[in-house]
Amino acid sequence: VQLQASGGGLVQTGGSLTLSCAASGRTFSSYVMGWFRQAPGKEREFVAAIRWRGGSTTYADSVKGRFTISRDNAKNTVYLQMNSLKPEDTAVYYCAVVRNYYSDYHLAWDYWGQGTQVTVSS
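Position numbers for residues count from 1 along each chain, tracking the sequence in the order it is written. For this predicted model, a pLDDT threshold of at least 70 governs which residues receive local features, and a threshold of 80 or more governs which side-chain atom pairs are given and counted, while totals over whole chains, interfaces and linings are taken from all residues. As a rule here, side-chain values cover all heavy atoms of the structure and leave hydrogens and water aside.

Could you clarify how one ought to interpret the sheet that holds strand E1 (residues 2-6) in this entry?
Strand-to-strand pairing in sheets goes through backbone hydrogen bonds, with the strands running parallel or antiparallel. Note on pairing: DSSP must find at least two bridges between two strands before they are called paired. Only runs of H or I of at least four residues qualify as helices and only runs of E of at least two qualify as strands under DSSP, and these elements are numbered from the N terminus. Spatial strand order, E1-E3-E8-E7: four strands in an open sheet with antiparallel pairing. In the strand order of this sheet, the two ends are held by E1 and strand E7 (67-72), each with one partner. Across the sheet, the mean angle separating the axes of adjacent strands is 15 degrees when strand polarity is ignored. An axis is simply a line fitted to the C-alpha atoms; with a helix, the fit covers only the stretch in contact. Between two such axes, the angle follows the N-to-C directions and lies from 0 to 180 degrees.

Here you go:
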């Protein structure tokens, strides 16, 4: 399984960014795709997840109403649209995939992309 994340960058408070994660290596129809983030000195935390089949989503409370996770089945790509960004959203963002989704804790997830830096300036 290969996950290639992209789309990070520097944005001002209140701005928007869209992250992409291209997945390859197997059929993901029964998997859950997710985004996590890790700020310096902090543990990796869950941001959002989407079921490949059906498209149901779940979000961390800290991003509800501001971030939207979506997928493009034809491109095997998952997106994270981030609006109303805040300085506390600054982190390295990782995409991940899991076959049996039972936890938002990062150690419960199977495969990881390389991460993309998002920096929100105040």
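When you look at the packing of aromatic side chains in this model, what are you seeing that I'm missing?
Any Phe, Tyr or Trp ring, taking Trp's six-membered ring, that has another such ring centre within 6.5 Å forms a pair; planes under 30 degrees apart are called stacked, those over 60 apart edge-to-face, and the others tilted. Scanning the model with the defined rule gives seven aromatic pairs in all. Measuring from ring centre to ring centre gives 5.5 Å for Phe28 and Tyr31, while their planes differ by 75 degrees; the resulting arrangement is edge-to-face. Whether a residue is buried, partly exposed or exposed follows from its accessible area with a 1.4 Å probe, protein chains only, as a fraction of its type maximum: under 20%, in between, or over 50%, in that order. For Phe28, a relative accessible area of 1% corresponds to the buried category. Between Tyr94 and Trp112, the aromatic rings sit 6.4 Å apart at their centres with planes inclined by 80 degrees, giving edge-to-face as the arrangement. With a gap of 18 residues between them, Tyr94 in strand E9 (residues 91-98) and Trp112 in strand E10 (residues 111-112) connect regions that are remote in the sequence. Residue Trp112 is classed as partly exposed on the basis of its relative accessible area, which comes to 26%.

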